[in-house]
Amino acid sequence: MENFTVMLCFALVILLFTYHSVAIIIIYKKRKEFIIAYKRVLNLKDWCDKISEEPGHSYIIESVEKRGNELINQLNLLNAKLVKIQEHHKNLQERQQKLHDSLLEEHKLLNQYFENYS
């Protein structure tokens, strides 16, 4: 009976060792599958992050384009006002020149008058 018990214990140890080895092999296979699935999930997460960033980028681009167009319109208005101011300045210079010429003419006429009167 003692031999039977020893053999039974030995058989149980071998059976446990075999079960343990098989369990370790299964766990390693599942671990590899889990690692592959985890990498796929990470890739999917990165892809989703890129997709979610694209609307942000397009919104930024649209807002920059909109602001750029507003600035261009403001610059065009300023340019139109500058042209008007330059035209007004030119007209004022022409009027000043005419007034100056007429003043010189009057001065000349006054000098002639006083020369003739004296």
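Residues numbered from 1 in each chain as written. Predicted model: local features only at pLDDT ≥ 70, side-chain atom pairs only at ≥ 80, totals over all residues. Heavy atoms only, no water.

### A look at the overall build of the protein
And step 1. Scanning the protein from N- to C-terminus turns up one helix and zero strands.
And step 2. Over its C-alpha trace the protein gives a radius of gyration of 50 Å, far above what one expects of a compact globule, namely 13 Å for 118 residues.
And step 3. Seen through its principal axes, the protein has C-alpha atoms that stretch 170 × 20 × 10 Å.
And step 4. For the protein, buried positions account for 0% of its 118 residues.
And step 5. Just so you have it, the protein exposes about 11,800 Å², and 66% of that area is on carbon and sulfur atoms.
And step 6. The average position of the 16 basic charges and that of the 15 acidic charges among the side chains of the protein differ by 12 Å. (Helix = DSSP H or I, 4+ residues; strand = E, 2+ residues; numbered from the N terminus. Rg over C-alpha atoms; globule rule 2.2 N^0.38 Å. Buried < 20%, exposed > 50% of the residue type's maximum accessible area, 1.4 Å probe, protein only. Areas by Shrake-Rupley, 256 points an atom, 1.4 Å probe, with all protein chains shown as cover. Lys, Arg positive; Asp, Glu negative; His and termini not counted. Charge placed at Lys NZ, Arg CZ, Asp CG, Glu CD.)

### As for the pattern of salt bridges
And step 1. Taken as a whole, this structure holds two salt bridges when the rule is applied.
And step 2. The residue glutamate 33 makes a salt bridge to lysine 30 at a minimum N-O spacing of 3.7 Å. Of this pair, glutamate 33 and lysine 30 both sit in helix α1 (residues 2-117), three residues apart, which is roughly one turn of that helix. (Salt bridge = Lys/Arg side-chain N within 4 Å of Asp/Glu carboxyl O.)

### Concerning a nonpolar patch on the surface
And step 1. On the surface, Phe4, Leu8, Leu12 and Leu15 cluster together into a nonpolar patch covering about 420 Å² of accessible area.
And step 2. Within the fold, leucine 12 resides in helix α1.
And step 3. The class of leucine 12 is partly exposed, set by a relative accessible area of 46%. (Patch = residues over 30% accessible without salt bridge, like charges linked within 9 Å, V, L, I, M, F, W, Y side chains within 5 Å.)

### Remarks on the packing of aromatic side chains
And step 1. The final tally for this structure, using the stated rule, is two aromatic pairs.
And step 2. Considering the side-chain rings of tyrosine 113 and phenylalanine 114, the 5.6 Å spacing of their centres and the 65 degrees angle between planes classify their relative orientation as edge-to-face.
And step 3. Assessed through its relative accessible area of 48%, tyrosine 113 is described here as partly exposed. (Phe/Tyr/Trp six-rings, centres within 6.5 Å; stacked < 30°, edge-to-face > 60°.)

### Comments concerning the environment of isoleucine 72
And step 1. Here isoleucine 72 is to be found in helix α1.
And step 2. For the pair isoleucine 72 and valine 6, spaced 66 residues apart in sequence, the C-alpha to C-alpha distance is 96 Å.

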